[in-house]
Amino acid sequence: MTLQWTAVAFFLYAEIGLNLILCIPFISAKRYCSWHLVFNWKIWKWLSPYWNKCFFTMIMVLIVLLLDAVREVQKYSGPEPLHDAKANPNVYDHVHMKLFRAQRNLYISGFSLLLCLIMHRIFSLINQVAVTSEDSKRLQSQMDAAVETAKRCEEDSQLLKRVSPVYCELQALLDEEKAMTTNNQQLKLEVEKLKNQVKAADEAVLRSKAEVEAMKKQAKGLAQEYDRLLTEHHQLQAQVQYPAKKKKE
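Residues numbered from 1 in each chain as written. Predicted model: local features only at pLDDT ≥ 70, side-chain atom pairs only at ≥ 80, totals over all residues. Heavy atoms only, no water.

Participant: Could you give an account of the layout of surface pockets, with specific residues and numbers?
Facilitator: Empty pockets left among the atoms are what a rolling probe the size of a water molecule brings to light. Taken as a whole, the second largest pocket encloses approximately 240 Å³ of empty space. In terms of lining residues, the second largest pocket is bounded by twelve residues, among which Thr 2, Trp 5, Lys 98, Arg 101 and Asn 105 are the most central. When residues of the lining of the second largest pocket are traced back to their parent elements, those giving at least two are helix H3 (42–77) and helix H5 (89–248). When the residues that make up the lining of the second largest pocket are grouped by side-chain class, the tally is five nonpolar, two polar and five charged. (1 Å grid on protein atoms, 1.4 Å probe; cavity = no way out; pocket = protein on both sides within 12 Å on 5 of 7 lines; lining within 4 Å. Points joined across faces, edges and corners; volume = space filled by probe spheres on them. Helix = DSSP H or I, 4+ residues; strand = E, 2+ residues; numbered from the N terminus. Nonpolar A, V, L, I, M, F, W, Y, C, P; charged D, E, K, R; others polar.)

Participant: Lay out the packing of aromatic side chains with the relevant residues and their values.
Facilitator: For the structure on display, the rule yields one aromatic pair. Ring centres of Phe 10 and Tyr 13 lie 6.4 Å apart, and the angle between their planes is 85 degrees; this geometry places the pair in the edge-to-face category. You can see Phe 10 and its partner Tyr 13 sitting in helix H1 (residues 3–23), three residues apart, about one turn around the helix. Note on accessibility: Phe 10 and Tyr 13 belong to one class, exposed. (Phe/Tyr/Trp six-rings, centres within 6.5 Å; stacked < 30°, edge-to-face > 60°. Buried < 20%, exposed > 50% of the residue type's maximum accessible area, 1.4 Å probe, protein only.)

Participant: Please set out H1 residue by residue, giving values where relevant.
Facilitator: In this model H1 runs 30 Å from its N-terminal to its C-terminal C-alpha over 21 residues, within 8% of the 30 Å that 1.5 Å per residue would give. For H1, the complete set of buried residues consists of Trp 5, Val 8, Ala 9, Leu 12, Glu 15, Asn 19 and Leu 22. The buried side chains of H1 occupy one side of the element, clustering within an arc of 155 degrees when seen end-on. In H1, the exposed positions that point more than 90 degrees away from the buried face belong to Leu 3, Phe 10, Tyr 13 and Leu 20. (Expected span 1.5 Å × (residues − 1). Arc of directions from axis to C-beta.)

Participant: Residue-level account of the nonpolar core, with values.
Facilitator: Nonpolar side chains in soluble globular proteins generally cluster together in the buried interior. Counting residues in each nonpolar core, the largest one holds 13 residues, and the members touching the most others are Trp 5, Val 8, Ile 59, Leu 62, Ile 108 and Cys 116. Elements represented by at least two residues in this core include exactly H1, H3 and H5. Ranked by residues supplied to this core, first place goes to H3 with five residues. With residues up to four places along the chain from it excluded, the contact list for Leu 62 reads Val 8, Phe 11, Ser 109, Ser 112, Leu 113 and Cys 116. Of all hydrophobic cores here, the second largest spans five residues; its members include Val 73, Tyr 76, Val 95 and Leu 99. (Core = buried A, V, L, I, M, F, W, Y, C linked by side-chain atoms within 4.5 Å. Contact = heavy atoms within 4.5 Å.)

This is the structure we're talking about:
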């Protein structure tokens, strides 16, 4: 076996082993998250820009080797090699050996190509399952939180239904208290107005008393002045009458 087909054979064995590890029953769906963590290692992120190129290069190499194996099979399966082999027994064995190697190479390259595609598909499905599992866990946690919130809301609504009559009574009492407060404020305003009116009336009364006192004083002064004038009048009248009597005598 040449070096290239030895490498393809080892690659086939590695693919078979890796696919068996990924497909055997003890690796359940619960371990897909651990595979997802393995796939998220930094080395894969570092190799990710080159991974697609390497994968397509490997596919192209396997396709070329597969076509070469098909060509070899057709070459040694044709009528000419068999016609020459019938003439010489040694050539017959050599042709069948070449045909066997070509068929072996065909199987190796074909299965390598098939398992490479299958392995790539398995990796992508495992990654998708891991992402879906994480999304489902996140959605489950969100759903549980929503259920808890709904339960709390329901409990709060029931509590409000129980407390609503008491709340209505308290609201009615508060309304009455507000109405009483408003009435008290109005009464206070009216009392203030009445106090102002009373104060104004008192001031008016005081002014009236002052005016009355002033008028009394003025009337008293006028009476005194009148008495004084009346006394002077009597004195003058007496003085006038007294000289008249003296003249008659």
